[in-house]
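Here are the chains, one letter per residue:
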Amino acid sequence: MATPGGTPAAAGDNLKRLTDLYRTMVRIRTFEETALEAYKAGEIPGPLHVSFGQEAIPAGVCASLRHDDRLTSNHRGHGHALAKGADAATMYLELYGREGGYCNGKGGSMHIADFSVGMLGANGVVAGGLPIAVGAAQGLKLLKSDAIVVCMFGDGATNRGPFLEALNWAAIYSLPVLFVCEDNGVAAHTETRTVTAGEGPAARANAIGVPAVSIDGNDPLTVEETAARLIGEVRGGGGPRMIHARTYRWSGHTATDAAAWRDPKQVEAAKTRCPIARLKAVLIERGLAPAMLDEIANAARTEMLAGRAAANAAPWPSLASAFDDVQDAGAVHG
Amino acid sequence: MAETTLVEAGRLAVLQEMRRDPTVWVLGEDVGRGGLWGQYRGMLEEFGATRIVSTPIAESTIMGAGLGAALVGTRPIIEMRMFDFVMCAMDELVNQIAKVRYMFGGQAKPAVVVRMPHGMWRNSAAQHSQMLEAWFAHLPGVVVVAPSNAEDEAGLLVSAIRSDDPVLFFDPKDLWTAPGQIADGEIAPIPFGKARHARQGDALTIVTWSAIVPNVLTAADQLASEGIKADVFDLRTIWPWDQDAVAASLKRTGRLLVVHEAVEVGGFGAEIIAAMIDRLGPSAIKVAKRLGAPRIPVPFAPPLEDEVRISPAKVVAAAKAALK
């Protein structure tokens, strides 16, 4: 049987698993919708990079991860953090720069980290997470752990040197890393194809010696199924793998970027491939009650609105805390 | 005390710490072959290729992988081969290693040692001779260590490896083979921020560090033979640095000379002088002078390179000028 997403149904037979996948995607979407509303209301300072349309990738990949698996992320990382298990309310506190946020107001949206769930941090530098990911995998191997590392990055990162270095590194040491290239087609404000030679990310990875597959990153079942298979291979000692997941970023680069250079028809067409709508259709076809889907959406909205309200009411960090967590030796004090 | 060289003292320190702590490991180019300078000689045989990891020439990932491995609880020694190559890994060092603990609200523990043999290396020209330690003193989040002798190399390396801070360790590569001594038995850690009081005197205070220290001490001994006794401090670590020791000396002498091999303009000497003026007040300081390299890249030809080097004669001249 083929689903409306065109995916063989083998991985999708477990309705509970698919429902969880759907819930994660809806929570990511709702988290960012709510954050964007708060941003536009002037509640959130600084840059905010949202990932509308890309939710299937973190949700599908993280569905097969263990709690002790690690993940490195990039500047567009809210979905990565949520899918890895970070708490939305604590993330909002950080987006607002308030006391009790994941980084106690030191990081903001671009630097969400939750080491307690293996989320080793978002990163403000494109390709910044790649060397860190392979090192984390090397460290885990040294410690004889069987945890693995997932490294999330965008298409823009594949034109930076660390992409070559880190993939080569993972291959030569046969490290347990799943690289995930979220290819939304745009590097900041430039269409990646206009600045990129060759056949693309998967071809580059394969040439380096990291087996890679290109998939429709807007098809949650395909993402989930591919990730489950490759994570199994990586955890089984097969060395690194890469998923090249094609997707589309509905929004601009940041919350203030309208991406007016784009043809609106292109964006509208992308929205017809909405990963959430696609999985919703599958779930309905498989007999999940529509009321259940509404309940998931309502619960997400309630959760995110509560998180927003709590963050907006939370106090700023103490001014003295600006001097905390710099270093032990040679620390300065205010 | 046992006779040794600076490079061997450092090797023994790493050996001791790797035997003590199985989470300590080394990554860098050619380390399986003992490292470019022999700092890791024989270690592959003892610890195997998972702890003595010879890497590709890929500085970004040598640095970044070291950080990643620290974030999961190991203690990597990141070997940069030569300081100059760290420029290829500046994102990983400056944007990542120095920031993660702070930026993630204290969740991250970037316990790495970055070894960067720096300074002059005879006739190696501008890309193999630099001393830019002042850049890193300017960088919040890191400890900056720059020893000048075998005993300090060993003791400071032990501290660096045990430290939870990222430690930038500037080995003085011109002094690798300089003879020295280390104590018998276990190498004790030397705390960061404590200067070595290398010569005692009341005529003036001389502050220095790293590869230039032997020349400064030669100069101090010559000055002493002429009846001018300088109070000489080898800082050993420039962040944190021993402000208390320098200030106490300066209160007595009132005259300060900072000598560094790095370019004088914008060097750490300027920071030392400014900090002392802030702390003691301008009236407590009769003279404050710097002696560093001219603001030119290090040239290749021997006579040109000598123009950049800080000879004992230049130090003697600068000290005498400071006494006028």
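No experiment lies behind these values; they were computed from the predicted model shown. Sequence order as written defines residue numbering, which begins from 1 separately in each chain. Lettering of chains starts at A and numbering of ligands starts at 1, both following the order in which they are written. Two thresholds apply to this predicted model, a pLDDT of at least 70 for residue-level local features and 80 or more for giving and counting side-chain atom pairs, whereas whole-chain, interface and lining totals are computed over all residues.

## A short note on helix α10 (residues 275-285) of chain A
Residue and element names in this part refer to chain A.
Next up, step 1: When we look at burial in α10, the residues that qualify are P275, I276, R278, L279, K280, V282 and L283.
Next up, step 2: Working definition of a contact: two residues with C-beta atoms, positioned from the backbone, lying within 7 Å. Helix and strand definitions follow DSSP, with helices as H or I runs of at least four residues and strands as E runs of at least two, each counted in order from the N terminus. Buried residues along α10 sit in contact with α1 (15-40), α2 (56-62), α8 (220-238) and α11 (290-313).
Next up, step 3: Of the residues flanking the end of α10, it is G287, one or two places downstream, whose phi is positive at about 100 degrees. Counts of 20 or more other C-beta atoms within 10 Å of a residue's own C-beta define buried residues, counts of 12 or fewer define exposed ones, and intermediate counts define partly exposed ones; C-beta atoms are placed from the backbone.

## What about α11 of chain A?
Because an α-helix packs 3.6 residues into every turn, residues spaced three or four apart end up facing the same way.
Residue and element names in this part refer to chain A.
Next up, step 1: Multiplying one less than the number of residues by 1.5 Å gives the expected span of a helix. Here α11 is 24 residues long and its end C-alpha atoms lie 35 Å apart, about the 34 Å a rise of 1.5 Å per residue gives.
Next up, step 2: Here α11 has its buried residues at I296, A300, M304, G307, R308 and A311.
Next up, step 3: Contacts made by the buried residues of α11 are with α1 and α4 (88-95).

## Overview of the interface of chain A and chain B
Next up, step 1: Contacts between chain A and chain B engage 37 residues on the former and 41 residues on the latter.
Next up, step 2: Counting only elements with at least two residues in the side of chain A that touches chain B, the list comes to α5 (129-142) and α6 (161-172) of chain A.
Next up, step 3: For the side of chain A that touches chain B, the element with the most residues is α5 of chain A, which contributes 10 residues.
Next up, step 4: Put simply, Ala, Val, Leu, Ile, Met, Phe, Trp, Tyr, Cys and Pro go in the nonpolar bin, Asp, Glu, Lys and Arg in the charged bin, and everything else, Gly too, in the polar bin. In terms of residue class, the side of chain A that touches chain B is made up of 19 nonpolar, 12 polar and 6 charged.

## Regarding the sheet that holds strand β12 (residues 237-239) of chain B
Residues and elements named next belong to chain B.
Next up, step 1: We treat two strands as partners when DSSP finds at least two bridges between them. With respect to topology, 7 strands assemble into an open sheet ordered β3-β2-β4-β5-β7-β6-β12, the strand pairing being mixed. Whereas interior strands pair on both sides, the edge strands pair on one side only; in this sheet they are β3 (52-54) and β12. The sheet shows a mean angle of 20 degrees between the axes of neighbouring strands, taken without regard to direction.
Next up, step 2: Summarising the sheet, strand β2 (residues 24-28) and strand β4 (residues 75-79) pair through 5 bridges and their orientation is parallel. Within the sheet, the bridge partner assigned to G28 lies in β4 and is E79.
Next up, step 3: In this analysis an axis means a line fitted to C-alpha atoms, helices contributing only their contacting stretch, and an angle means the value between N-to-C directions, from 0 to 180 degrees. The sheet strands contacting helix α7 (residues 150-162) are β2, β4, β5 (113-115), β6 (143-145) and β7 (167-169), and the helix crosses β7 at an angle near 150 degrees.

## What about the pairing of strand β11 (residues 230-234) of chain B?
Next up, step 1: Of all 5 residues in β11 of chain B, 5 are buried, a share of seventy percent or more.
Next up, step 2: Residues A230, V232 and D234 of chain B of β11 of chain B are buried on one face, and the alternating residues D231 and F233 of chain B, pointing to the opposite face, are buried as well.

## Describing unusual backbone geometry
Next up, step 1: The linkage connecting W239 of chain B with the following residue, P240 of chain B, adopts the cis geometry, with an omega of -5 degrees.
Next up, step 2: By the secondary structure assignment, P240 of chain B is in the loop between β12 and α9 (243-253).
Next up, step 3: A positive phi angle, close to 50 degrees, is found at S174 of chain A, a residue other than glycine.
Next up, step 4: Tracing the backbone shows S174 of chain A in the loop between α6 and β3 (177-183).
Next up, step 5: The backbone phi angle of N123 of chain B is positive, close to 55 degrees, even though this residue is not glycine.
Next up, step 6: Residue classification places N123 of chain B among the partly exposed residues on the basis of 14 C-beta atoms within 10 Å.

## Focus: the environment of G155 of chain B
Residue and element names in this part refer to chain B.
Next up, step 1: Within the secondary structure, G155 is located in helix α7.
Next up, step 2: For G155, a count of 21 C-beta atoms within 10 Å puts it in the buried group.
Next up, step 3: For the pair G155 and P191, spaced 36 residues apart in sequence, the C-alpha separation works out to 8.2 Å.
Next up, step 4: Every residue in contact with G155, bar those within four places of it in the chain, is listed here: I187, A188, P189 and I190.

## Digging into the domain arrangement of chain B
All names here are of chain B.
Next up, step 1: Considered domain by domain, chain B is made up of domain 1 (2-182) and domain 2 (196-322).
Next up, step 2: Those domain boundaries reflect an automatic or database domain assignment. Its C-alpha centre places domain 1 at a distance of 26 Å from the equivalent point of domain 2.
Next up, step 3: Opposite the 24 residues of domain 1 that make contact, domain 2 presents 22 residues.
Next up, step 4: Elements represented by at least two residues in the side of domain 1 that touches domain 2 include exactly α6 (133-137), β6 and α7.
Next up, step 5: Its residues assigned to classes, the side of domain 1 that touches domain 2 comprises 16 nonpolar, 5 polar and 3 charged.

## Notes on the sheet that holds strand β9 (residues 196-199) of chain B
Residue and element names in this part refer to chain B.
Next up, step 1: Read across the sheet, 5 strands follow the order β9-β11-β10-β13-β14 without closing on themselves; strand pairing throughout is mixed. Of all the strands in the sheet, just β9 and β14 (287-293) have a single pairing partner and so form its edges. Each neighbouring strand pair of the sheet contributes to a mean axis angle of 25 degrees, computed without reference to strand direction.
Next up, step 2: Two strands pair when backbone bridges link them, and β9 and β11 are joined in this way by 3 bridges, in the antiparallel orientation. Bridge assignment links R199 to a residue of β11, and that residue is V232.
Next up, step 3: Running at roughly 155 degrees to strand β10 (residues 204-208), α9 makes contact with β9, β10, β11 and β13 (255-263) of the sheet.

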